[in-house]
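Breakdown of the fold
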Amino acid sequence: MASEEEIKLYNEIISKGCCKRCALRYLGHGRTLITFDDPDICLLNFGHISPLDGIFENFQNKKMKKNPCAVCLDLLSDRMFGELLEHQELSKVSEYLHEHFVAYITFPPCILLRDHSMKIHLKNAFPNVFDVSKVIKIKHAWRDSIEKRLCKVLKKSYKHLSRLTVHFYTEYLLEDEELAVVQDCVKPRTQKNNILSRHCVESLLESMPDEDFNKLVRIPPGIPLYEVTFKEMKFFSEAIHLVGNYCKYSRELYQIPFVVDGKIVNGYSIENIILEALKKVVSFKGMVFLASSFDDASFRVLGKGRTFYLQIQDAKVDSISHQQCRTIERIINAAKGLRVKNLKQADKKDIMVTMESEQQNPRSYKLLCIVYKCKNVDYCVNAVNMYSKISIQQKTPVRVLHQNRPYNSKEKKIYYIKATKIKNNLLEIELCAECGLSVGEFVNGDFGRTNPSLCDIMKAKVELLAVDVVDFQSTLACAAEEEDVEI
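Scope of this entry: the structure provided in the associated data block. Fair warning: this is a prediction, and the values are worked out from it, not measured in the lab. (Residues numbered from 1 in each chain as written. Predicted model: local features only at pLDDT ≥ 70, side-chain atom pairs only at ≥ 80, totals over all residues. Heavy atoms only, no water.)

For the rest of this paragraph, the subject is unusual backbone geometry. What is expected of a backbone is that most residues other than glycine have negative phi and most peptide bonds are trans. Looking along the chain, the bond that leaves Ile219 and enters Pro220 is cis, with omega of -10 degrees. Counting through the fold element by element, Pro220 comes out in the loop between helix H11 (210-216) and strand E4 (229-237). Note that the residue after Asn451, namely Pro452, is joined by a cis bond; omega there is -5 degrees. The topology assignment puts Pro452 in the loop between strand E15 (450-451) and helix H17 (454-458). The backbone of Asn424 sits at a positive phi, close to 50 degrees, despite the residue not being glycine. Relative to the assigned elements, Asn424 resides in the loop between strand E13 (409-423) and strand E14 (426-433). Assessed through its relative accessible area of 55%, Asn424 is described here as exposed. (Helix = DSSP H or I, 4+ residues; strand = E, 2+ residues; numbered from the N terminus. Buried < 20%, exposed > 50% of the residue type's maximum accessible area, 1.4 Å probe, protein only.)

Structure below.
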């Protein structure tokens, strides 16, 4: 049971205009109870109030309108909880197939000033009873008060690390006026658009001495004229990350939609094929496609394939299973000229490591070239085969200068090169080169921007007809084949 001093502390908190949930926060009892759901029962159990107090208070509330809480501005009131729980958008959250959810509240930072002001007052008035280290934060009290109610409405359980997030936003009419008293105490670089954020105010209160705070803010806080109001609710599911390898067998298939002047000229691309396959298995809002490197439409990607990454945004599912990945692969592989394998869900950091590794490792190519203005094709073949390794300098290719790429020169190494005559003036060039080599520019010289080029080595005009990327040093482990999942 509460001691006489603790009862006096409670009465002081209430007399200064605080609500009962804020009283529980300052008393430090909330964490030892089940929830803040019914503060009257909590306070009654600890002996801070008697049954008659509740009857008298209910009678008073019917006679006159109660003022908003001097600290939380009624953020922790049953009125506010009712508005949040009755919001029509909550029905859309229930459509997600997640078992768990996590909820957050964004409230006006001026509440932190009021909270700090009350803590200083209680610390000065009750130095032997009030323990500021036991005070429960407003955001924790809010979560404990609404958690069970939200679980009932959404028919999901609460989990801090859930992918499904429900975020409520509130506002206060006099927020700017109340924050203005500490505006000059904050460094300009820590605030955006002259607006004080909650984190900014928290940092200020942690570093500001009580004496300086007393000069700026009223202690204890005054009774407010307005309460906080509900502004909006947002909900989303954390992105799901997939990684896999693709092989491209068509020279007419683009990696991404081909866009000219903002209009899609050719939408038949690897990205679109994968997107349409995903839509048949998973419901989601958007997709981001990223490959370890860019392939021109004329390139074929053979061997073990190129690593690609998918970010599935706001999916209605918590994860994409191994069986679903196999189903997606089979739908994609039914398309002409494309095959995807090893598709799986993974952590984004691990995916980035895999893709960066592939970008750093050598890459093997087979080139089909035609030679012009050359009296002796055999001389051209021998000229190439004299080299075991070549170091070349490549300036930013002319074809990408319009993309505002950095204008610089880079050294690229070719670790292996071999030329073979196929027929007449047709040659096959096999080479293994450092990642980032612009193959087409190595062949034609790009108006002298690549030095030496294949034209320089052969002392002839050389045109590139086709490119095959035949092997990658870094690829994903193959997954076991499994049956499809019904769609």
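Past the structure itself, the notes keep going.
Now for the environment of Val443. Mapped onto the secondary structure, Val443 falls in helix H16 (residues 439-444). Along the chain, Val443 and Cys369 lie 74 residues apart, while their C-alpha atoms are 8.4 Å from each other.

Ranked by internal contacts, the top residues of the largest apolar core, which has 69 residues, are Cys22, Tyr26, Leu75, Phe101, Trp142, Leu150 and Phe168. Ignoring anything within four residues of it in the chain, the contact list for Phe168 reads Leu84, Leu90, Tyr104, Ile105, Thr106, Trp142, Leu150, Phe230, Glu232 and Met233. In this structure, Val377, Ala383, Leu437 and Val439 belong to the second largest nonpolar core, which totals 31 residues. (Core = buried A, V, L, I, M, F, W, Y, C linked by side-chain atoms within 4.5 Å. Contact = heavy atoms within 4.5 Å.)

With respect to burial, strand E5 (residues 240-248) is a largely interior element, nine of its nine residues being buried. Burial along E5 is two-sided: Ile240, Leu242, Gly244, Tyr246 and Lys248 and His241, Val243, Asn245 and Cys247, pointing in opposite directions, are all buried.

Strands sit in the order E2-E1-E3-E4 across an open sheet of four strands; the sheet is mixed. A strand with exactly one partner marks an edge of an open sheet, and here the two such strands are strand E2 (157-158) and E4. Sheet topology places strand E1 (residues 100-106) next to E2; two bridges connect them, and they run parallel. Bridging from a neighbouring strand, Phe101 pairs with Tyr158 of E2. Packed onto the sheet, helix H5 (residues 78-85) meets strand E3 (164-171) and E4 and runs at close to 45 degrees relative to E4. (Pairing = 2+ DSSP bridges. Axes fitted to C-alpha atoms, helices over the stretch in contact; angles between N-to-C directions.)

Looking at helix H10 (residues 198-207), one finds that the buried residues are Cys200, Val201, Leu204 and Leu205. Seen end-on, H10 carries its buried residues on one side only, within an arc spanning 130 degrees. In H10, the exposed residues that point more than 90 degrees away from the buried face are His199, Glu206 and Ser207. Close packing links the buried residues of H10 with helix H7 (110-125), helix H9 (175-179) and H11. (Arc of directions from axis to C-beta.)

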